[in-house]
Amino acid sequence: MSPKGNQVEIHGRRLRLSNLDKVLYPEAGFTKAEVVDYYARIGEVIVPHLADRAVTLVRWPDGVDHQSFFEKRCPSHAPSWLRSAPVSDDLTQCVLDDLPSLVWAANMAALELHTPQARVSSLDRPDSMVFDLDPGPGATVLDCARVALDLRGVLAELGLESVVKTSGSKGLHMAVPVHTAVTDDDTKDFARALGQVLAKRQPDQVTVIMKKEERPGKVFVDWSQNDEHKTTVCAYSLRGKARPLVSTPVAWDEVSDALDDNDEDALSFEAPDVLERVAQHGDLYAPNLELEQELPPLTPQRSRRS
């Protein structure tokens, strides 16, 4: 990234950066310049997870202490070289296929980047199945870790590998790479069935029911994230929290170690931590980009709707 005043040239694209001194995370004193720098430096590993996907930007133009808004429609003022793609008859979204596009979004104070499971080149074919493990009141990320490890075991019994990341908030996200001919209904039904298996085994700890009154003290296994209209925060995306937390891929050993040590902080990472982790470990979420796996058929009992 070659700067010249507030003008930068990235891979042959020119961008004008603005308000770089603005503090977007007041508690941490983390500025817009640091947000842009984080995304520029993490670009090598985040861009493959964004590429060919319609992105929903969540923007905090005045910082996380102020109002945010979702921007699904690609704005008319986007650079002419930035890719956009129609996802329905009346909606065209931005696609962040490269580093210049990512830095453009960061300069828009798009702290969070959310993507669907399907690519714009195959909107009816998700390439992964996701589980959003969300702790209800009284539950913690360590409860999510316990459920994640149990779910990983169930998946392994079915011959399926999975990857895991922090949500950058209170929970964990799991993904099962597929990259085979499945639909969102297939992945949604399968995720719900596995959630039901866990809820039956541990009814006091796990629920698949969305109603808030069902969730205190439990981990909600949100299978509905596989719906074709749903998005999940992208791996390596910042979150709009008090501090610059990141949805961070972790190794399964880190999940089990955090649980064994009763250490919630072991599953919480800020932007500088993530840059160091990637330099040391590479992309722990990389299997989600290409690993091909077949979902086994559901039994009638598992496919029964809750």
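Right above here is the structure, for reference.
(A) Examining the sheet that holds strand β17 (residues 249-250) more closely. Spatial strand order, β14-β15-β11-β13-β12-β17: six strands in an open sheet with mixed pairing. Each edge of the open sheet carries a strand with a single partner, namely β14 (206-207) and β17. In this sheet, strand β15 (residues 219-222) lies alongside strand β11 (residues 128-135) in antiparallel orientation, the contact comprising four bridges. When the bridges of β15 are listed, P135 appears paired with V219. Helix-sheet contacts for helix α3 (residues 141-157) involve β11, β13 (172-177), β14 and β15, and the interaxial angle to β13 is about 15°.

(B) Fine view of a negative patch on the surface. A cluster of acidic residues, D253, D257, D260, D261, D263, E264 and D265, forms a negative patch at the surface. On the secondary structure map, D265 appears in the loop between α5 (252-261) and α6 (271-281). Taking relative accessible area as the criterion, D265 reaches 63% and is therefore assigned exposed.

(C) A look at the sheet that holds strand β16 (residues 232-233). Read across the sheet, four strands follow the order β7-β6-β10-β16 without closing on themselves; strand pairing throughout is antiparallel. Whereas interior strands pair on both sides, the edge strands pair on one side only; in this sheet they are β7 (69-71) and β16. Judged from the three bridges that link them, strand β6 (residues 56-59) and β7 form a sheet pairing that is antiparallel. Bridging across to β7, V58 finds its partner in F70. The strands touched by helix α2 (residues 99-107) within the sheet are β6 and β10 (110-115), with β10 carrying the most contacts at an inclination of about 125°.

(D) Molecular detail of the nonpolar core. Among the nonpolar cores identified, the biggest contains 88 residues, and Y38, Y39, I42, I46, L113 and F131 are the most heavily contacted of them. No other element matches the ten residues that helix α1 (residues 32-50) contributes to this core. The residues touching I42, leaving out its near neighbours within four places in the chain, are Y236, V274, L275 and V278.

Calculation criteria
Residues numbered from 1 in each chain as written. Predicted model: local features only at pLDDT ≥ 70, side-chain atom pairs only at ≥ 80, totals over all residues. Heavy atoms only, no water. Pairing = 2+ DSSP bridges. Helix = DSSP H or I, 4+ residues; strand = E, 2+ residues; numbered from the N terminus. Contact = heavy atoms within 4.5 Å. Axes fitted to C-alpha atoms, helices over the stretch in contact; angles between N-to-C directions. Patch = residues over 30% accessible without salt bridge, like charges linked within 9 Å, V, L, I, M, F, W, Y side chains within 5 Å. Areas by Shrake-Rupley, 256 points an atom, 1.4 Å probe, with all protein chains shown as cover. Salt bridge = Lys/Arg side-chain N within 4 Å of Asp/Glu carboxyl O. Lys, Arg positive; Asp, Glu negative; His and termini not counted. Charge placed at Lys NZ, Arg CZ, Asp CG, Glu CD. Buried < 20%, exposed > 50% of the residue type's maximum accessible area, 1.4 Å probe, protein only. Core = buried A, V, L, I, M, F, W, Y, C linked by side-chain atoms within 4.5 Å.

Treat this as a map of the structure, not an account of what it does.
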